[in-house]
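# Reading the structure
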Amino acid sequence: MSDPFSGALADALILTALALTVLMATAVVLTRNPARQAIVLSGYGMVLGVLFLILQAPDVAMSQIGVGTVVVPLIVVLALHATRRHREGDGPGTGTTSDTASGTASGTASGTAREDAR
């Protein structure tokens, strides 16, 4: 009895999955916006999971789909959200070190111009 995952059709399926993996990896690298990159990263994790499934590694595929498709992009999006929220809280008068370093505490002209620019 022969293996059902052997032959020209199986080779074509593997090559197609590998080409899709390369395409998705390139898309992740070329995506400039971090939020969009997290979404593309999720798609890349799904494609890797499918590749592992085609290569007859279902346990690795399940782990990849769970971690690479859901957990890692979720952590990236949460980190982006926390970073943006932190930046929005750094307005004038919050007592951050950037206000003191810019000269607003000493009342210099450059510090006043920086506050007006905000």
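If you're wondering where the values come from, they're calculated on a predicted model, not measured in any experiment. (Residues numbered from 1 in each chain as written. Predicted model: local features only at pLDDT ≥ 70, side-chain atom pairs only at ≥ 80, totals over all residues. Heavy atoms only, no water.)

## Some words on the overall build of the protein chain
The criterion, for reference: Helical segments are the DSSP runs of H or I of at least four residues, strand segments are the runs of E of at least two, and each set is numbered from the N terminus. Think of it in three bands: with a 1.4 Å probe and only protein chains considered, a residue is buried below 20% of the maximum accessible area for its type, exposed above 50%, and partly exposed in between. Only the protein chains shown count as cover for residues, and all accessible areas are computed by the Shrake-Rupley method using a 1.4 Å probe.
For the protein chain, the helix and strand inventory stands at five helices and zero strands. Across the protein chain, helices and strands are ordered from the amino to the carboxyl terminus as α-α-α-α-α. With 118 residues in all, the protein chain has 22% of them scored as buried. About 8300 Å² of surface is accessible on the protein chain, with carbon and sulfur atoms providing 67% of the total.

## Some details on the packing of helix 1 (residues 8–30) against helix 2 (residues 34–54)
Under the convention used in this document: Each axis is a line fitted through C-alpha atoms, and for a helix only the stretch in contact is used; angles between axes span 0 to 180 degrees, taken between their N-to-C directions. Angles are sorted into four bins: roughly parallel if under 35 degrees, roughly antiparallel if over 145, roughly perpendicular if 65 to 115, and oblique for all others. Should the near helix be turned anticlockwise from the far one by less than a right angle, the crossing is termed left-handed; should it be turned clockwise, right-handed. Whether two residues are in contact is decided by their heavy atoms, any of which lying within 4.5 Å being enough. Classification convention: Asp, Glu, Lys, Arg as charged; Ala, Val, Leu, Ile, Met, Phe, Trp, Tyr, Cys, Pro as nonpolar; all other residues, Gly among them, as polar.
With their axes 9 Å apart at the nearest point, helix 1 and helix 2 run at an angle of 160 degrees to one another. Comparing their axes, helix 2 and helix 1 come out roughly antiparallel. Of the two elements, helix 1 crosses helix 2, and the hand of that crossing is left-handed. Here Leu13, Ile14, Ala17, Leu18, Leu20, Thr21, Met24, Ala25, Ala27 and Val28 of helix 1 lie close against helix 2, whose contacting residues are Gln37, Val40, Leu41, Gly43, Tyr44, Val47, Leu48, Leu51 and Ile54. Of the residues assigned to the contact of helix 1 with helix 2, the class counts are 16 nonpolar, three polar and no charged.

## Quick word on helix 1
Rules: Helices are assigned an expected span. That span is 1.5 Å times one less than the residue count.
Here helix 1 is 23 residues long and its end C-alpha atoms lie 33 Å apart, about the 33 Å a rise of 1.5 Å per residue gives. Listed as buried for helix 1 are Ala10, Ala17, Thr21, Met24 and Val28. As for helix 1, its buried residues are in contact with helix 2.

## A word on unusual backbone geometry
At Gln56, a position not held by glycine, the phi torsion is positive, near 65 degrees. Topologically, Gln56 is positioned in the loop between helix 2 and helix 3 (58–88).

## Considerations on the environment of Arg36
Note on placement: Arg36 falls in helix 2. Its relative accessible area of 56% is what places Arg36 among the exposed residues.

## A few points about the side chain of Thr31
Heads up, the rule is: Contacts described as polar in this section are N or O atom pairs within 3.5 Å, which, within protein, must combine one atom able to donate a hydrogen with one able to accept it, while residues neighboring in sequence count only if both atoms come from side chains.
As for its placement among the helices and strands, Thr31 is situated in the loop between helix 1 and helix 2. A distance of 2.5 Å separates the side chain of Thr31 from the backbone oxygen of Ala27, its partner in a polar contact. The residues contacting Thr31, other than those within four sequence positions of it, are Arg36, Gln37 and Val40.

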